[in-house]
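Structural characterization, general
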Amino acid sequence: MDDVKKASSKEKFTSISLFAGIGGGCIGAKLAGGKILAINEFINEAQRVYKINFPETKVIPNDIRELSGEDIMNIAGIKKGELDILLGSPPCSSFSTVGKREEGWGEVKKYSDKKQRTDDLFGEFARVLKEMQPKFFVAENVASLIEGKAKHLFGSPQLDMFGNETNGVVDKQEDTFYHTLTRAGYKVRYKVLNSVNFETPQRRERLIIIGVRDDISDKGYKLRFPTGLKNEITLEDAFIDIEHTKEELDECNIEKYAVYGASLDTPIGGKSEKYFSLMKEDPNRASRTLTATAGCLSAASIVHWENRKFSVKEAIKIMGFPKDIYLGDTYPNKIERLGRAITPSVYEAVLDLIWSDFLKI
């Protein structure tokens, strides 16, 4: 990862990442010239993988609920208000297919190699943000957090949308994620960005939330998002330099599973009539979203037009990670780590714009 190390050596700004995973957002920050002081990650395997790739970074393994902002700052060697940018990508399983607020809310569920309640983690991010008071923050979550039934959870600058009663629950603006972030002392903006517009061969939409501390905003700083490119990198172009060994192709072979037959019946670029999540990708387009379940050979997910799962080398290209990234020891683990990650190119563009605008005020 020479390019990542070279960019990060510029040390334009300091950053700490919460819910860091294997470091997709951190790689984006490093490519934008950021220095990662420390990360927090709860999942054991993600911690192990991160440490191998970035041995120089302090890894805080605690559940975020056990940490205060002061704890994190002490480990990173900084004081309140000194950090430039706080990154955070709270696990989003509770919002990915959100229905009624009461359904599953507060439950402890299996998450990767641990069990954890995840629906309150956005609030924990806001708590740490308030305690640390960095100049900026960037958070990421699923696009569905601002769509449909999930809108009452996230909130909006439009105050008149709230105060309605739904299923016996009164939605109040002060209870929403958006308002909690503003009460932490920040001006907040949000937008759904698609990785395909940031030189990544994947149509992956994610909600990106950015915030600037009120005192910096008062000096005239205006939050904005990068435009991104309209041209699409196709899978065929992205894979042009990939060569596979027999072992690499064997580990993504699905011929002994039911999804293989369904894949044979699915046209290139189409969706399976039998399995909702089974989609055969088109080499002349960017892929659809790579998910954590794509590493399970028997599970329905995006598949290669040759009726197999994508190889690890191909999945790395789809996510826009460095080709020499270490991901784990087994095919399922490697793909899961990628499927849970942030595409680095989106964070690189967002952070580069935030910091370049800050230097102008």
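Residues numbered from 1 in each chain as written. Predicted model: local features only at pLDDT ≥ 70, side-chain atom pairs only at ≥ 80, totals over all residues. Heavy atoms only, no water.

Quick notes on the overall build of the protein chain
How we decide: Secondary structure is summarised from DSSP: a helix means a run of H or I of at least four residues, a strand means a run of E of at least two, and numbering begins at the N terminus for each. Burial classes: relative accessible area under 20% of the type maximum marks a residue as buried, over 50% as exposed, and values in between as partly exposed (1.4 Å probe, protein chains only). Residues are treated as being in contact if the distance between any of their heavy atoms lies within 4.5 Å. Per-residue and other accessible areas were derived by the Shrake-Rupley procedure at a 1.4 Å probe size, with only the shown protein chains allowed to occlude residues.
Scanning the protein chain from N- to C-terminus turns up 15 helices and 13 strands. Counting every position in the protein chain, which comprises 361 residues, the buried fraction comes to 55%. Long-range pairs, those at least 24 residues apart, make up 66% of the contacts in the protein chain between residues at least 6 apart in sequence. Roughly 16400 Å² of accessible area belongs to the protein chain as shown, and the carbon and sulfur atoms make up 48% of that amount.

Some details on the environment of Lys6
Along the chain, Lys6 turns up in helix α1 (residues 2–8). For Lys6, a relative accessible area of 59% translates into the label exposed. Along the backbone, Lys6 and Gly33 are 27 residues apart, and their C-alpha atoms lie at a distance of 8.6 Å.

Concerning the sheet that holds strand β4 (residues 85–88)
This is how it is decided: Strand pairing is defined by DSSP finding a minimum of two bridges between the two strands. Note on definitions: angles span 0 to 180 degrees between N-to-C directions of axes, and those axes are lines fitted to C-alpha atoms, for helices only across the stretch in contact.
An order of β3-β2-β1-β4-β7-β11-β10 is seen for the 7 strands of this open sheet, with the pairing classed as mixed. Either end of the sheet is taken by a strand with one partner, and the two such strands are β3 (58–60) and β10 (186–194). Neighbour-to-neighbour, the strand axes of this sheet turn through a mean angle of 20°, independent of strand direction. Pairing of β4 with strand β7 (residues 136–142) involves 4 bridges; the strand directions are parallel. Along β7, the bridge assignment pairs Leu87 with Val138.

Topic: helix α4 (residues 69–76)
So the rule is basically this: Directions pointing from the helix axis toward each C-beta atom define the arc.
Those residues of α4 lying buried are Gly69, Ile72, Met73 and Ala76. Buried residues of α4, viewed axially, fall in a sector of 95°; they line one side. Pointing more than 90 degrees away from the buried face of α4 are the exposed residues Glu70 and Asn74. Contacts made by the buried residues of α4 are with β1 (13–18), β2 (34–40), β3 and α6 (121–132). Positive phi shows up at Gly77, right after α4, with a value of about 80°.

A few points about the layout of surface pockets
Sizing a probe to match a water molecule and rolling it over the atoms shows the empty space that remains. Cut-off, in case you're wondering: Cavity: a set of points on a 1 Å grid over the protein atoms alone where a 1.4 Å probe fits but cannot get out. Pocket: an open set with protein on both sides within 12 Å along at least five of seven lines, its lining residues, like those of a cavity, having an atom within 4 Å of a point. Grid points are joined across faces, edges and corners, and a volume is the space filled by probe spheres set on the points. Each residue gets one of three labels, nonpolar for Ala, Val, Leu, Ile, Met, Phe, Trp, Tyr, Cys and Pro, charged for Asp, Glu, Lys and Arg, and polar for the others, Gly among them.
For the second largest pocket, the calculated volume is near 660 Å³. At the level of secondary structure, the elements contributing two or more residues to the lining of the second largest pocket comprise α10 (235–238), α13 (312–319) and α15 (344–358). Ranked by residue count, the leading element in the lining of the second largest pocket is α13, at 4 residues. Looking at the lining of the second largest pocket, its residues break down into 12 nonpolar, 6 polar and 11 charged.

Some remarks on the pattern of salt bridges
In plain terms, the rule: Salt bridge, as applied in this entry: a Lys or Arg side-chain nitrogen positioned within 4 Å of an Asp or Glu carboxyl oxygen.
As enumerated under the stated definition, the model contains 21 salt bridges in all. Its salt-bridge partner being Arg285, residue Glu232 comes within 3.2 Å of it at the nearest N-O pair. You can see Glu232 sitting in the loop between α9 (214–217) and α10 and its partner Arg285 sitting in the loop between β12 (279–280) and β13 (302–303), a full 53 residues away along the chain.

Considering the side chain of Glu41
Convention followed: Between N or O atoms, a polar contact is any pair within 3.5 Å; within protein, one atom must be a potential hydrogen donor and the other a potential acceptor, and residues adjacent in sequence are included only when both atoms are from side chains.
With respect to the helices, strands and loops of the structure, Glu41 is situated in the loop between β2 and α3 (44–53). A distance of 2.8 Å separates a polar side-chain atom of Glu41 from the backbone nitrogen of Ile43. If we ignore the near neighbours within four places in the chain, the residues touching Glu41 are Phe19, Ala20, Gly21, Ala46, Gln47, Ile60 and Pro61.

Side note on the pairing of β1
Condition: Crossovers are described as right-handed under a simple rule: with the strands pointing away from the observer, the path leading from the first strand over the helix to the second runs clockwise.
Of all 6 residues in β1, 5 are buried; the element is thus mostly enclosed. Bridge analysis of β1 against β2 gives 6 bridges, and the strand direction is parallel. Opposite Leu18, over in β2, you have Asn40 as the bridge partner. A crossover links β1 with its parallel partner β2, the connecting element being helix α2 (residues 24–31), and its sense is right-handed.

Overview of the nonpolar core
Using the following cut-off: Within this scheme, the nonpolar core is defined by two criteria: the residues are buried Ala, Val, Leu, Ile, Met, Phe, Trp, Tyr or Cys, and they are joined through side-chain atoms within 4.5 Å.
Counting 68 residues, the largest nonpolar core has Ile85, Phe136, Val138, Ile208, Leu290, Phe321 and Leu351 as the members making the most contacts within it. Take this core: its biggest share by element is 7 residues, from α15. The residues contacting Phe136, other than those within four sequence positions of it, are Asp84, Ile85, Leu86, Gly211, Val212, Ile216, Tyr221, Ile354, Trp355 and Phe358.

Things to note about the confidence of the model for the protein chain
Just so we agree on the cut-off: The predictor attaches a confidence to each residue, called pLDDT, with possible values from 0 through 100.
When pLDDT is averaged across the protein chain, the result is 89; 86% of the residues are at 70 or more. When the criterion is pLDDT under 50, residues 97–102 qualifies, and its contacts beyond four places in sequence or with other chains add up to 12 contacts. Segment residues 164–170: pLDDT under 50, and 11 contacts once partners within four positions in sequence are set aside and those in other chains are kept.

Brief notes about the environment of Ser89
As for its position among the elements, Ser89 is in the loop between β4 and α5 (93–96). Note on Ser89: relative accessible area 14%, which makes it buried. Sequence spacing of Ser89 and Phe125 is 36 residues, and the spatial spacing of their C-alpha atoms is 8.7 Å. If near-sequence neighbours (up to four positions away) are discounted, Ser89 is found in contact with Leu18, Phe19, Glu140 and Ile342.

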